[in-house]
Each structure stands twice: as structure tokens, then as C-alpha cells.
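Listed here are the chains, written in short residue letters.
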Amino acid sequence: MTWIGIDLGGTKVYGVVHHADKIKTDAKRKTPTEGGPDAVVATIAGVIDDLGGIDGIKGVGVGAPGPVDHAAGVVGQAPNLAGGLRDFALGPLLSKALGGLPVYVDNDANVGTLAEHKRGAGKGAVDLLGVWVGTGVGGGLIFDGHLRRGRTGYAGEIGHIVAVPHGRLCGCGHEGHVEAYAGRASMEREARARAAAGRTNRLVELAGEGRMTSSVWAKALEARDPVAVELIDSAVSALGTAVADAVTLLDLDTVVVGGGLTDRFGPTFVGRIEQATRDQMFNQSSPTRVVPASLGDQSGAIGAALMAAESASST
Ligand SMILES: [Zn+2]
């Protein structure tokens, strides 16, 4: 059976046609920065047109940023989409635009985790945590071989576990969460705050007013910029603490770490997280693996297609 998977990101909408565990074709368009729900739906429909339309397609899966009510197909909050959306009925609206074709929506970290579990670095795992380090820090949980969403859809949200009591302010409003130390947006804010307080650093020099891209981070680290090194050390420490807590709580066999920053820093970054995890795990002889994600940029779209197929067969 053929499914379409869509990765709805803050900057681009990337889609694939997925058939018999293979990507047949792919397409992408820019995510609209304004125009509200209609603009987002129209852009996704456009990508589906670019993919060849819906002839022979069984259904569409979408991985979306922010909390998602999977059963209703509603995205709770998406501050980065089309000027900011709340209670966005993406599933029903897209289905209507596609003439009633079934559409399933889930959180982007959940679908990425599903993809890594079924096809990527987490293949064969029974209890797995996916950790996605990008602008924010997302997470997905596979428990007993199945994606565990939890009662409110927030299961696996490792980015919003406390890593440092009363620590740095998180984007969600709480203090000391993992995302406040390991999410790129927070790390960027911290680098600028330190520069403003007199600790000039390569990150701010290289980025200027613009975004601190992965290559800015790579260059600053290469130059052993002290602020960049400290910020990465804190990110590793926060992630290691939270992952060790999760491993101990759930006796996980596999942790897959992926996302924008890890893609750039690869095995060293993930290796350091693994070491920090091991140092703090209760069961020191646990065979738990902490491994880099292996599907790269396509994990979201592949996972969205897999999620749609699973959701269809379970209803
Ligand atoms: Zn938070």
C-alpha cells in the first residue's frame, strides 16, 4: 500500500511517497510565514500535488511541531507556523482539501522516533526513547514495541524534564528544563546574554544578527571558543542527566539521539551523551545503547507515512 508522509517543519514542508518500505519520490516547499491555517493546508496540498497527487494513495500522515491530539488531528500550539497557530485542526482541514482522503497527524518527535524504531538506528528495540535536539528538544517513546503517546499526548517529552533544579528559564516558562540547556534557541539566547554581559564569543561574532547555524557552532567549537564549549558541555550534561533518569525509570534498551545539532556533531556529541548517561545510570551493567539516529532529514516524513499506516490499521 502507498502512503504519503509529510514533515511539517518551521522552515520547510517535506513530503515523500512511501511504498513497500521505500521512498518512491519526494518534494518540498517553504513553510508559509503568514496566512494562518489555510496557508499551511494549501502548502501541504501543494507538496502532495508535486508528489503526483493522491491517485492510488491510501492516506496521508503528517508530523507537526508542538503538542498534537492524535485522535482529533489537532495541533495544540505551533508558534512557528504561519505567524503562530493554536488549536489548528490540521487533520480535518487537510482531509477536506484532499476530497476526504484519511489524514493522520502526530507530533514530529513521535514520528521521527517511530521511523528510527522501524527503519533506522533503533531497529529491533523493544523499549526505546527518541531524543531530538534541534531548535527545541523533542522526544518520543516506544514502549513494548509500540509508540506510547500517553493520556494527553505528552509521553516521552524529555525536553521538558528538569535537569537543573531552579536553573535556566525554558521556553515553556518553567525553570531548569533540558531544552533550556540543549535546545538551539535557548543556547543562542544564552550566548547573546553572555556577550551582552561582557563575555564576547565566536558564536555571536560569527552569527551577527542572524541565526547560529550548525556551521557557526562547528566553527566556534573548532576554535575552542570558551563560551561555545561551556554551552555544549551544559547541553551534554542536561541531556545525559535526563536520559539516565529515563533509562532507569523505564529500563530502556535503546536511546536514539537525532536532530539538527547532532547531525552536525555526529558520534562525538552522542558519544558524550552516552558517557554522561552511563555515569548516572542506576544499573551500571545495563546493556542500554545510546546511538545516533541514522535516517537523517527524512526520518520525519518516513515516520509520518509509517504512523499513517499504523493508525489506519488500528482503527
Ligand atoms: Zn520546558
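Numbers given for residues are sequential positions, taken from 1 along each chain in its written order. Reporting of local features is limited, given that this is a predicted model, to residues whose pLDDT is at least 70; pairs of side-chain atoms are given and counted only at 80 or more, and all residues count toward the totals for whole chains, interfaces and linings. With hydrogens and water set aside, each side-chain value is computed from the structure's full complement of heavy atoms.

Attention now goes to the coordination of the zinc ion. At this site the zinc ion is bound by H160 (ND1), C170 (SG), C172 (SG) and H177 (ND1), with donor distances of 2.0 to 2.3 Å. Relative to the metal, the four donor atoms surrounding the zinc ion lie at angles of 97 to 121 degrees, and the coordination shape comes out tetrahedral. Here the coordinating atoms are restricted to nitrogen, oxygen and sulfur within 2.8 Å of the metal centre, or 3.2 Å for Na, K and Ca, and because water is not among them the sites may look incomplete. Counting along the primary sequence, the residues that act as donors to the zinc ion give the motif H-x9-C-x1-C-x4-H. Pair noted here: H160 is in the loop between strand 11 (146-147) and helix 4 (178-182) and C170 is in the loop between strand 11 and helix 4, with a separation of 10 residues, a long-range link. Summary of the burial criterion: residues with accessible area below 20% of their type's maximum are buried, those above 50% are exposed, and those between are partly exposed, where the area comes from a 1.4 Å probe applied to protein chains only. According to the relative accessible area criterion, C170 is buried, its value standing at 4%. The rule is simple: four donors are tetrahedral if all their angles sit between 85 and 135 degrees, four are square planar and six octahedral if opposite donors span more than 155 degrees and the others lie between 65 and 115, and anything that fits none of that is irregular. Labels follow the DSSP assignment, with helices taken as runs of H or I lasting at least four residues and strands as runs of E lasting at least two, numbered in each case from the N terminus.

Considered domain by domain, the protein is made up of domain 1 (2-111 + 297-314) and domain 2 (125-293). Residue ranges for the domains trace back to a domain assignment, done automatically or taken from a database. Look at where the C-alpha atoms of domain 1 and domain 2 centre, and you get two points 26 Å apart. Note on definitions: a residue-residue contact is assigned when non-hydrogen atoms from the two residues lie within 4.5 Å. Opposite the 10 residues of domain 1 that make contact, domain 2 presents 10 residues. When two parts are brought into contact, each loses some accessible area as probed by a 1.4 Å sphere; the total of that loss over both is the buried area. Summing both partners gives a buried area of about 790 Å² for domain 1 against domain 2, and 45% of it is carried by carbon and sulfur. Sorting the residues of domain 1 by area buried against domain 2 places P67, A109 and N110 first, and these three jointly supply 52% of that buried surface. Salt bridge, as applied in this entry: a Lys or Arg side-chain nitrogen positioned within 4 Å of an Asp or Glu carboxyl oxygen. Taken together, the links from domain 1 to domain 2 amount to one salt bridge.

Turning our eyes to something else, we now look at the nonpolar core. Here, nonpolar core means buried Ala, Val, Leu, Ile, Met, Phe, Trp, Tyr and Cys residues that are tied together by side-chain atoms lying within 4.5 Å of each other. L129, V131, L203, W217, L239, V255 and V257 are the most contacted members of the largest nonpolar core, which has 45 residues in total. Per-element accounting of this core gives the leading share, 14 residues, to helix 8 (residues 226-250). Leaving out residues up to four positions away in the same chain, V131 has contacts with V137, G138, I158, L239, V243, V255, V256, V257 and G258. Counting 29 residues, the second-largest nonpolar core is a separate cluster that includes L51, V68, L85 and L94.

A few words on the packing of helix 1 (residues 36-50) against helix 2 (residues 90-97). Simply put, an axis is a line fit to the C-alpha atoms, just over the touching stretch for a helix, and the angle between two N-to-C directions goes from 0 to 180 degrees. Put simply, helix 1 and helix 2 touch, their axes get as near as 10 Å, and they point 55 degrees apart. Here helix 1 is positioned oblique relative to helix 2, judged by the angle of their axes. Where helix 1 crosses over helix 2, the handedness of that crossing is right-handed. Contacts between helix 1 and helix 2 involve P37, V41, I44 and A45 from the first element and L90, L93, L94 and A97 from the second. A class-by-class count of the residues in the contact of helix 1 with helix 2 yields eight nonpolar, no polar and no charged. Any angle from 65 to 115 degrees is called roughly perpendicular, while one under 35 is roughly parallel, one over 145 is roughly antiparallel, and all others are oblique. If you view the pair so one helix is near and one far, a crossing is left-handed when the near helix is turned anticlockwise from the far one by less than a right angle, and right-handed when it is turned clockwise. Classification used: nonpolar for Ala, Val, Leu, Ile, Met, Phe, Trp, Tyr, Cys and Pro, charged for Asp, Glu, Lys and Arg, polar for all others including Gly.

So, about the sheet that holds strand 4 (residues 59-64). Only strands joined by at least two bridges in the DSSP assignment are considered to pair. A sheet is described by the order of its strands in space; here five strands give the open sequence 3-2-1-4-8, paired in mixed fashion. Edge positions in the open sheet fall to strand 3 (22-30) and strand 8 (103-107), since each of these has one partner strand only. Ignoring which end each strand starts from, the neighbouring axes of this sheet average 20 degrees apart. Sheet analysis places strand 1 (residues 2-8) next to strand 2 (residues 12-19), joined by seven bridges and oriented antiparallel. From the neighbouring strand, G5 faces strand 2, where its bridge partner is V16. Across the sheet, helix 3 (residues 108-118) lies against strand 4 and strand 8, angled at about 95 degrees from strand 8, the strand it touches most. Sitting on the sheet, helix 10 (residues 299-313) touches strand 1, strand 2, strand 3, strand 4 and strand 8, and the angle it makes with strand 1 is about 130 degrees.

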